[in-house]
Amino acid sequence: METALPTRSRGKYITAAVLAAMVTIGVAELLAGLVDRVPSTLSSIGAIVVDNVPSAIKEWAIDTFGTGDKGALIIGIVLTTLLIAALVGNWMYRSGVVVAAPIFVGFGIVGLAASLNQTLISIPMTILAAVLTTGTGLYTLYWLLRTPGIALTDTVIGEPTDGVPADPSRRQFVGRAAGVGAVAATSGFLGRRLLTATRSSDVTLPAAGTLAGPAPENFFPIENLEPIVVPNDDFYRIDTALLVPRVNVDSWNLKIDGLVDNPLEFTFDDLAARALVE
């Protein structure tokens, strides 16, 4: 069956691919924030980058961005992903939407492999989350490019026969694109907030039985050296973890084994019952 359709729009294909990638990222972050033991795909990929990037680049990032180096890394991963999505959209415009599926699945596998490399995760739930996010991204892409009333098997006269209509109604596409963009931004924002927010906990730490004596203002007589005691509002954390690990204290345990005479294992309750020295 041949159907005369308007000319293709390169911009729509690129926009659809970028928005589909945004939805994929947003849904992945939201699932990571909502479902326990499902890691953030962005942070998982970022962790691999941190572990394998040359030291010179790490030092440059720290010198350039300071304590914002982790945020800069995540933003860089997102922008790189969206740039690749734009290239995929341009390729779809030239070769047809069939090229999108293997690329999206390929990136989904990469994200899954990075996530499975993390600790304290649920492998079945992590795999399920990867399948859902990849499927959501692909469905969004095809939904954006499809025009009601025209079957995907229809052929566009004079254009590649990929089954996607040449130029959906501009008003319809803009409306769909705006909705998809809002969903992507909202899900990504909420997911990231859930991942980075300090979670309320039912765990009550015991009061300190022994308090350390007051620390000197400075250990070394160096001018302009920051004091040892830092106000809570000014306190900062420096480490290599992109996100603070979320630990289930009910199943957590500490093992002391290896080259020891008496291997030991403690639960969180065992440690909490011991005297706390501050």
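Everything quoted here is computed from the prediction, not taken from an experiment.

What follows deals with the environment of Val174. Looking at the element boundaries, Val174 is found in helix 7 (residues 170–196). Classification of Val174 by relative accessible area gives partly exposed; the value is 47%.

It is worth spelling out the pattern of salt bridges at this point. It is possible for side chains of opposite charge to pair when their charged atoms get near one another. Taken as a whole, this structure holds one salt bridge when the rule is applied. Here Glu29 and Arg192 are joined by a salt bridge, their closest N and O atoms 2.6 Å apart. Of this pair, Glu29 sits in helix 1 (residues 10–34) while Arg192 sits in helix 7, placing them 163 residues apart in sequence. On the accessibility criterion, Glu29 (1% relative accessible area) is buried.

Looking now at the side chain of Thr126. Note on placement: Thr126 falls in helix 6 (residues 123–145). Polar side-chain contacts of Thr126 include one of 2.7 Å to the backbone oxygen of Ser122. Residues contacting Thr126, with those up to four places away along its chain left out, are Arg37, Val38, Pro39, Leu112, Ser115, Leu116 and Ile121.

Let us now look at the packing of helix 6 against helix 7. When two helices pack together, you describe them by how their axes are tilted relative to each other and by the distance separating the axes. Orientation of helix 6 relative to helix 7, taken along the N-to-C sense of each, is 160 degrees, at an axis distance of 9 Å. By the angle class used here, helix 6 and helix 7 are roughly antiparallel. Contact residues: Thr140, Trp143 and Leu144 in helix 6; Phe173, Arg176, Ala177 and Val180 in helix 7. Across the contact of helix 6 with helix 7, the residue classes tally to five nonpolar, one polar and one charged.

This part covers a nonpolar patch on the surface. There is a patch of nonpolar side chains on the surface, built from Leu254, Ile256, Val260, Leu264 and Leu271 and spanning about 340 Å² of accessible area. In this fold, Val260 is placed in the loop between strand 3 (253–256) and strand 4 (264–267). Its relative accessible area of 33% is what places Val260 among the partly exposed residues.

So, about the confidence of the model for the protein. Per-residue pLDDT for the protein has a mean of 81; in total, 79% of the residues score no lower than 70. Counting contacts from residues 1–6, a segment whose pLDDT is below 50, to residues more than four positions away or on other chains yields 15 contacts. Long-range and interchain partners of residues 149–161, a stretch whose pLDDT sits below 50, account for 26 contacts in this model, where long-range means more than four residues apart.

According to the stated counting rule, one finds three aromatic pairs in the structure shown. Relative to Phe268, the ring of Trp252 has its centre 6.5 Å away and its plane inclined at 75 degrees; by these criteria the two rings are edge-to-face. Here Trp252 is found in the loop between helix 7 and strand 3, whereas its partner Phe268 is found in helix 8 (residues 268–272), with 16 residues between them in sequence. In this structure Trp252 comes out as partly exposed when scored by relative accessible area, which is 29%. Residue Phe268 is classed as partly exposed on the basis of its relative accessible area of 22%.

Right, let's get into helix 1. The first and last C-alpha atoms of helix 1 sit 36 Å apart over 25 residues, in line with the 36 Å expected at 1.5 Å per residue. Helix 1 sits mainly inside the fold: 18 of its 25 residues count as buried.

What follows deals with the nonpolar core. By size, the foremost hydrophobic cluster in this structure holds 25 residues, and its most contacted members are Ala16, Met92, Phe104, Leu141, Leu144 and Leu145. Per element, the largest residue contribution to this core is eight residues, and it comes from helix 1.

Considering the arrangement of structural elements, one finds Ser43 in helix 2 (residues 41–52). Not counting residues within four places of it along the chain, the set of residues in contact with Ser43 comprises Ile74, Arg192, Leu242 and Leu243.

So, on to the environment of Leu82. Turning to its location among the elements, Leu82 is positioned in helix 4 (residues 69–95). Sequence-distant contacts of Leu82, defined by excluding residues within four places in its chain, comprise Val18, Ala21 and Met22.

Rules behind the numbers
- The residue numbers shown here count from 1 along each chain, following its written sequence.
- At least 70 in pLDDT is required for a residue's local features to be given in this predicted model, at least 80 for side-chain atom pairs to be given and counted, and no such filter applies to totals for whole chains, interfaces and linings, which use all residues.
- The basis for every side-chain value is the complete set of non-hydrogen atoms in the structure, without hydrogens or water.
- Helix numbers and strand numbers start at the N terminus; a helix is a DSSP run of H or I with at least 4 residues, a strand a run of E with at least 2.
- Only protein chains enter the accessibility calculation, which uses a 1.4 Å probe; a residue is then buried when its area is under 20% of its type maximum, exposed when over 50%, and partly exposed in between.
- In what follows, salt bridge is the name for a side-chain nitrogen of Lys or Arg lying within 4 Å of a carboxyl oxygen of Asp or Glu.
- By the criterion applied in these results, polar contacts are pairs of N or O atoms within 3.5 Å in which, for protein atoms, one can donate a hydrogen and the other can accept it, and in which residues neighboring in sequence qualify only through two side-chain atoms.
- The contact criterion used throughout is that any non-hydrogen atoms of two residues lie within 4.5 Å.
- Axis angles are defined between N-to-C directions and span 0 to 180 degrees, where every axis is a line fitted to C-alpha atoms and, for a helix, only to the segment in contact.
- Any angle between 65 and 115 degrees counts as roughly perpendicular, while under 35 counts as roughly parallel, over 145 as roughly antiparallel, and the rest as oblique.
- For this classification, the nonpolar set comprises Ala, Val, Leu, Ile, Met, Phe, Trp, Tyr, Cys and Pro, the charged set comprises Asp, Glu, Lys and Arg, and every other residue, Gly included, is treated as polar.
- In this scheme, patches are assembled from residues that exceed 30% relative accessible area and form no salt bridge. Like charges are connected within 9 Å, while nonpolar side chains (Val, Leu, Ile, Met, Phe, Trp, Tyr) are connected within 5 Å.
- Computed with a 1.4 Å probe, the accessible areas rest on the Shrake-Rupley method; for each residue, only the protein chains presented here act as cover.
- Residue-level confidence of the predictor is what pLDDT reports, using numbers from 0 through 100.
- Aromatic pairs are defined between Phe, Tyr and Trp rings, using the six-membered ring for Trp, whenever the two ring centres lie within 6.5 Å; interplanar angles under 30 degrees are classed as stacked, those over 60 as edge-to-face, and all others as tilted.
- Here a helix's expected span is defined as the number of its residues, less one, multiplied by 1.5 Å.
- What is meant by a nonpolar core is a set of buried Ala, Val, Leu, Ile, Met, Phe, Trp, Tyr and Cys residues, joined one to another through side-chain atoms within 4.5 Å.

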